[in-house]
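Each chain is listed here by its residues.
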Amino acid sequence: MNAPFRAPPRRSGAEAHDIVVVEKVSRHFGGRKTLLSRVAAPVVRAVDGVSFTVRRGSCFAIVGESGSGKSSLARLVVGLLKPTSGEVTIDGTPLSTLDGKGLRALRRKVQLVLQDPRASLDPRMTVFDTLAEALTVHGLHREPAARAERIDAVIGMVGLNAAHLARYPHELSGGQRQRAAIARSIVCEPEILVLDEPVSALDVSVQAQIINLLAELQARLALTYIVITHDLALVAHMADTVGVMYLGRFVEQGDVEEVCGAPRHPYTRSLMAIARPEAAGRRDAPSSLLEGSIPSPLAIPSGCSFHTRCPLARQLAAGGLPSRDTSDGLLPRRCVEETPVLNSAPGGRSAASCHFADQRLPIQES
Ligand code: SF4
């Protein structure tokens, strides 16, 4: 297990203070016998020994494919899931020490913005009532005049106006709904927003507007962001630091310029080639870099969990390894038998868990 990885801040003005500290956090599901079964359910390792820190005012991105564990990790950070082991600390307070009242106060400080705004907006409530309800839940701006003033201010911040306050979610466009959901998340003056795929449900034409809005709000309200996404191009645009997640673990993490500019792990290199083919000197995204889909977390491959899909392992094997270094499946033996740990790159601004991270072979399609 690794200590929380710290990369130097990129944005000037960020306080040298970690508002989020995640230490060796795991969340496993199953493994218990039920009333109807004498056999314990198999253990799903959704998150497995993840550590990272986020500086106040910065943006940390968690990137990975569907099934990588990134949404479970987001829910651990906002206190909606309890870790099986490890600790999440928000602004100096370990979440394990909080009772119900403390967790409610935390939910004001740390807000979750979902991919589909319809999930966070009640279809039976107008935008005004949704924002008013959020204030009521947290006991803020109890006087009607103060409440209306706060709601007016926030709706303007997200680029909507008084007319939108009287509408129901179905009367708004997709972009307007996401703006209303963001308004709901900031109306209670949070310090941290956890943004779960904040633009992936939107039309491409609207995505840039929402990304720009989030950047404006971050600067204006001194917010800290944790962005969950499958899109490394979005990460390169928004984030200061990043963790690349595969089957419940970070396989690469650190400063976003390092990780996106010179990725060392074959998984990150493949995702970058797919997200930004032009940077790899291609016109189109390669279609066959990553073989198959992510394995089930019920059956995590031995050794390096990425070995069943790794283009670098295939290339190394094709390059002619001595038989003593080759597994039965003709991949490098170390990849199949030995779990790699995160090792820092020269300069220490990122770390990758690959036995061959320093091999500069170009990643090729299968
Ligand atoms: Fe690929 Fe082997 Fe590196 Fe894992 S350790 S990423 S299988 S080369």
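Structure shown above.
Here the structure is a predicted model, which is why all the values come from computation and not from measurement. (Residues numbered from 1 in each chain as written. Predicted model: local features only at pLDDT ≥ 70, side-chain atom pairs only at ≥ 80, totals over all residues. Heavy atoms only, no water.)

### Structural notes on the sheet that holds strand 5 (residues 93-94)
Taking strand neighbours across the sheet as the criterion, the four strands line up as 2-1-4-5 in an open arrangement whose pairing is antiparallel. Unpaired on one side and paired on the other, strand 2 (44-55) and strand 5 mark the two borders of the sheet. The pairing of strand 4 (residues 85-90) with strand 5 spans two bridges and is antiparallel. Paired with Thr89 across the two strands is Pro94, which belongs to strand 5. (Pairing = 2+ DSSP bridges. Helix = DSSP H or I, 4+ residues; strand = E, 2+ residues; numbered from the N terminus.)

### Looking at unusual backbone geometry
A positive phi is found at Glu197, a non-glycine position, where the angle reads about 50°. Looking at where Glu197 falls in the secondary structure, it is placed in the loop between strand 7 (192-196) and helix 7 (204-221). Judged by its relative accessible area of 9%, Glu197 is buried. Although it is not a glycine, Leu247 adopts a positive phi angle of roughly 45°. (Buried < 20%, exposed > 50% of the residue type's maximum accessible area, 1.4 Å probe, protein only.)

### Digging into the sheet that holds strand 8 (residues 224-229)
Taken in spatial order, the eight strands of this open sheet run 6-7-8-3-9-10-12-11, and their pairing is mixed. Only two strands of the sheet have a single partner each, and these edge strands are strand 6 (110-113) and strand 11 (343-344). The pairing of strand 6 with strand 7 spans four bridges and is parallel. Looking across to strand 7, one finds that Leu112 is bridged to Val194. Relative to strand 8, helix 1 (residues 70-77) is tilted by about 155°, and along the sheet it contacts strand 3 (59-63), strand 6, strand 7, strand 8, strand 9 (241-246) and strand 10 (249-255). In this fold helix 6 (residues 174-186) packs onto strand 6 and strand 7, with an angle of close to 170° to the strand it touches most, strand 6. (Contact = heavy atoms within 4.5 Å. Axes fitted to C-alpha atoms, helices over the stretch in contact; angles between N-to-C directions.)

### Details of the site of the ligand
The full set of residues close to the ligand is His265, Pro266, Cys304, Phe306, His307, Cys310, Leu312, Ala313, Cys335, Cys354, His355 and Phe356. Spatially, the ligand is embedded in the second largest cavity. Its residues assigned to classes, the shell around the ligand shows nine nonpolar, three polar and no charged. (Near = heavy atom within 4 Å. 1 Å grid on protein atoms, 1.4 Å probe; cavity = no way out; pocket = protein on both sides within 12 Å on 5 of 7 lines; lining within 4 Å. Sits in = over half its atoms within 2 Å of the grid points. Nonpolar A, V, L, I, M, F, W, Y, C, P; charged D, E, K, R; others polar.)

### What to know about the packing of aromatic side chains
The full count for this structure, using the stated rule, is six aromatic pairs. Between the aromatic rings of Phe52 and Phe250, the centroid separation amounts to 5.9 Å while the plane-to-plane angle is 50°, which identifies the pairing as tilted. Linking Phe52 in strand 2 with Phe250 in strand 10, this pair joins segments that are 198 residues apart in sequence. On the basis of relative accessible area, Phe250 is assigned to the buried category, the value being 7%. (Phe/Tyr/Trp six-rings, centres within 6.5 Å; stacked < 30°, edge-to-face > 60°.)

### A word on the packing of helix 6 against helix 7
Interhelical geometry of helix 6 versus helix 7 gives an angle of 20° and a closest axis separation of 10 Å. Here helix 6 is positioned roughly parallel relative to helix 7, judged by the angle of their axes. In the crossing of helix 6 with helix 7, the sense of the turn from one axis to the other is right-handed. Here Gly175, Gln178, Arg179, Ile182 and Ile186 of helix 6 come into contact with helix 7, specifically with Val206, Gln209, Ile210, Leu213, Leu214, Leu217 and Leu221. Of the residues in the contact of helix 6 with helix 7, the class split is eight nonpolar, three polar and one charged. (Parallel < 35°, antiparallel > 145°, perpendicular 65-115°, else oblique. Left-handed = near helix turned anticlockwise from the far one by under 90°.)

### Details of the layout of surface pockets
For the largest pocket, the calculated volume is near 510 Å³. Taken together, 28 residues make up the lining of the largest pocket; nearest its centre are Asp48, Arg249, Phe250, Thr339 and Pro340. Only strand 2 and strand 10 provide two or more residues apiece to the lining of the largest pocket. When the residues that make up the lining of the largest pocket are grouped by side-chain class, the tally is 17 nonpolar, eight polar and three charged. (Points joined across faces, edges and corners; volume = space filled by probe spheres on them.)

### A short note on the pattern of salt bridges
In the structure shown here, the tally under the stated rule is 13 salt bridges. A salt bridge links Asp91 to Arg56; the nearest nitrogen and oxygen atoms lie 2.8 Å apart. Here Asp91, found in the loop between strand 4 and strand 5, pairs with Arg56, found in the loop between strand 2 and strand 3; they are 35 residues apart in sequence, far enough to count as distant. A salt bridge links Arg118 to Asp116; its shortest N-O distance comes to 3.3 Å. Relative accessible area serves as the criterion here: at 52%, Arg118 is assigned to the exposed category. Judged by relative accessible area, which is 31%, Asp116 ranks as partly exposed. Salt bridges linked by common partners bring Arg56, Asp91, Lys109 and Glu191 together as one network. (Salt bridge = Lys/Arg side-chain N within 4 Å of Asp/Glu carboxyl O.)

### Looking at the side chain of Arg309
The topology assignment puts Arg309 in the loop between helix 10 (266-275) and helix 11 (311-318). There is a polar contact of 2.9 Å between the side chain of Arg309 and the side chain of Glu65. Of note is the side chain of Arg309, whose polar atom sits 3.4 Å from the side chain of Tyr246. (Polar contact = N/O pair within 3.5 Å; in protein donor to acceptor, adjacent residues only side chain to side chain.)

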